[in-house]
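# Descriptive analysis of the structure
What follows is each chain in one-letter form.
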Amino acid sequence: MNRQAQACVMFLLGGAILRATLTDLYLRYVKEGLRPFLIAASLVLIAAAVTTIWYELRAAFSSNGPDETTGDRPSGVGSVPAATDDGHSHHEPRVAWLLILPVVGLLMVVPPALGSYAASQAGTALTTAEEYEYAPLPAGDPAKTTLLDYAARALFDDGHSIGDRRVQLTGFITPGPDGQPILARMVLSCCAADGRPVKLGMTGDIPTGLDNDTWIEVVGRYTDHRGRDPINDEEIPYVEVDSWREVVAPADPYE
């Protein structure tokens, strides 16, 4: 792979990152707050690739121009290919072309966000109590909040900051330790590589007949019922479901 080919791969990589960042595709890989950094990185890659190609083409045109000692004959005509000390021409490793595979994958394949399989392979993310006062729930009935917020209040505040208010939660279906469906959502610290699930058991009007990874919106109330995650032996809070409905997966599937 020569320098021009390397620059082309760099250009494609920068373009793929920019394309993913200007749409919602990047949200399947990283948190929303990293968007400006991805845009900046993609522009740097594209600029570096364009600059490299420009310098390479300029050097090629200059070397092929008229030479003072040979008249109008380009210097490259009749010349011997560059050789190494052992008399053999030097070639870049062909394995370097494999670098283009991730670029093609990013341009042509749209991977799904982390879902029920990832949630079933990792223990719940709620493992330590948060030492802070819980702000009042949002106004309205039901109060729309996240799985992480509800689960933290249910586990570490024993539901005191929830009271008897109804809450609205959105997540996907994944199998629970007892075979019953539970509600889950992945939480990211930085990117999908460190994603961990928040798991929430359900009592009351439990959704039935749904496939794994089906996104639902649940309206319910706090219950002190708890379970155990068999993966890391941490407690899983529950919600008493009053009603639920199937919904489209959100643009940002992570919390």
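For clarity, every value in this text was computed on a predicted model and none was experimentally measured. (Residues numbered from 1 in each chain as written. Predicted model: local features only at pLDDT ≥ 70, side-chain atom pairs only at ≥ 80, totals over all residues. Heavy atoms only, no water.)

Bringing the overall build of the chain into the picture now. Across its full length, the chain holds 5 helices and 8 strands. Going from the N terminus to the C terminus, the chain shows its helices and strands as α-α-β-β-α-α-β-α-β-β-β-β-β. Among the 255 residues that make up the chain, the fraction classed as buried is 33%. Relative to all contacts within the chain whose residues are 6 or more apart in sequence, the contacts with residues 24 or more apart total 69%. For the chain, the accessible area works out to roughly 14,900 Å², and carbon and sulfur atoms hold 57% of it. (Helix = DSSP H or I, 4+ residues; strand = E, 2+ residues; numbered from the N terminus. Buried < 20%, exposed > 50% of the residue type's maximum accessible area, 1.4 Å probe, protein only. Contact = heavy atoms within 4.5 Å. Areas by Shrake-Rupley, 256 points an atom, 1.4 Å probe, with all protein chains shown as cover.)

Pairing of strand E5 (residues 181–187) with strand E6 (residues 196–204) involves 5 bridges; the strand directions are antiparallel. Bridged to Val187 within E6 is Arg196. Across 4 bridges, the pairing between E6 and strand E8 (residues 235–246) is parallel. Paired with Gly201 across the bridge in E8 is Tyr238. (Pairing = 2+ DSSP bridges.)

This next bit is on helix H5 (residues 147–156). The buried fraction of H5 amounts to 8 of the 10 residues, a majority that puts the element mostly inside the structure. Among the residues of H5, Leu147, Asp149, Tyr150, Ala151, Ala152, Arg153, Ala154 and Leu155 are the ones counted as buried. The secondary structure elements touched by the buried residues of H5 are strand E4 (167–175), E5, E6, strand E7 (215–228) and E8. Positive backbone phi, approximately 55°, marks Asp158, located one or two places after H5.

Tallying each qualifying case throughout the model produces 2 aromatic pairs. Plain terms: the ring middles of Trp54 and Tyr55 are 4.9 Å apart, the flat faces sit at 75° to each other, and that makes the pair edge-to-face. Ring centres of Phe172 and Trp215 lie 5.5 Å apart, and the angle between their planes is 70°; on these two criteria the pair is classed as edge-to-face. Of this pair, Phe172 sits in strand E4 while Trp215 is found in strand E7, placing the two residues 43 residues apart along the sequence. (Phe/Tyr/Trp six-rings, centres within 6.5 Å; stacked < 30°, edge-to-face > 60°.)

On to the nonpolar core, then. Within the largest apolar cluster, 21 residues are counted, with the highest numbers of intra-cluster contacts made by Tyr150, Leu169, Leu183, Leu200, Met202 and Val239. For this core, the elements supplying multiple residues, two or more each, are H5, E4, E5, E6, E7 and E8. The element contributing the most residues to this core is H5, with 5 residues. When residues no more than four places from it in sequence are discounted, the contact partners of Leu183 are Leu147, Leu169, Gly171, Phe172, Val198, Lys199, Leu200, Met202, Ile216 and Val218. (Core = buried A, V, L, I, M, F, W, Y, C linked by side-chain atoms within 4.5 Å.)

For the structure on display, the rule yields 7 salt bridges. Here Arg226 ties to Glu235 by a salt bridge, and the two come within 3.1 Å at their closest N and O atoms. A residue is classified by how much of its surface remains accessible, and Glu235, at 28% relative accessible area, is partly exposed. The network of salt bridges with shared partners includes Asp158, Arg226 and Glu235. (Salt bridge = Lys/Arg side-chain N within 4 Å of Asp/Glu carboxyl O.)

In this section: unusual backbone geometry. With an omega of 5°, the peptide bond between Asp141 and Pro142 qualifies as cis. Here Pro142 is to be found in the loop between helix H4 (116–121) and strand E3 (143–144). Positive phi, close to 55°, is recorded for Asp158, a residue that is not glycine. With respect to the secondary-structure elements, Asp158 resides in the loop between H5 and E4.

What follows concerns the environment of Phe37. Among the structural elements, Phe37 can be located in helix H2 (residues 35–63). As for Phe37 and Thr21, which are separated by 16 residues in sequence, their C-alpha atoms are 9.7 Å apart.

Moving on, we get to the side chain of Gln168. Relative to the helices and strands, Gln168 resides in strand E4. Note on Gln168: relative accessible area 15%, which makes it buried. Setting aside its immediate chain neighbours within four residues, Gln168 contacts Pro142, Ala143, Lys144, Thr145, Glu217, Val218 and Val219.

Spatial relationships are all this shows, so hold off on functional conclusions.
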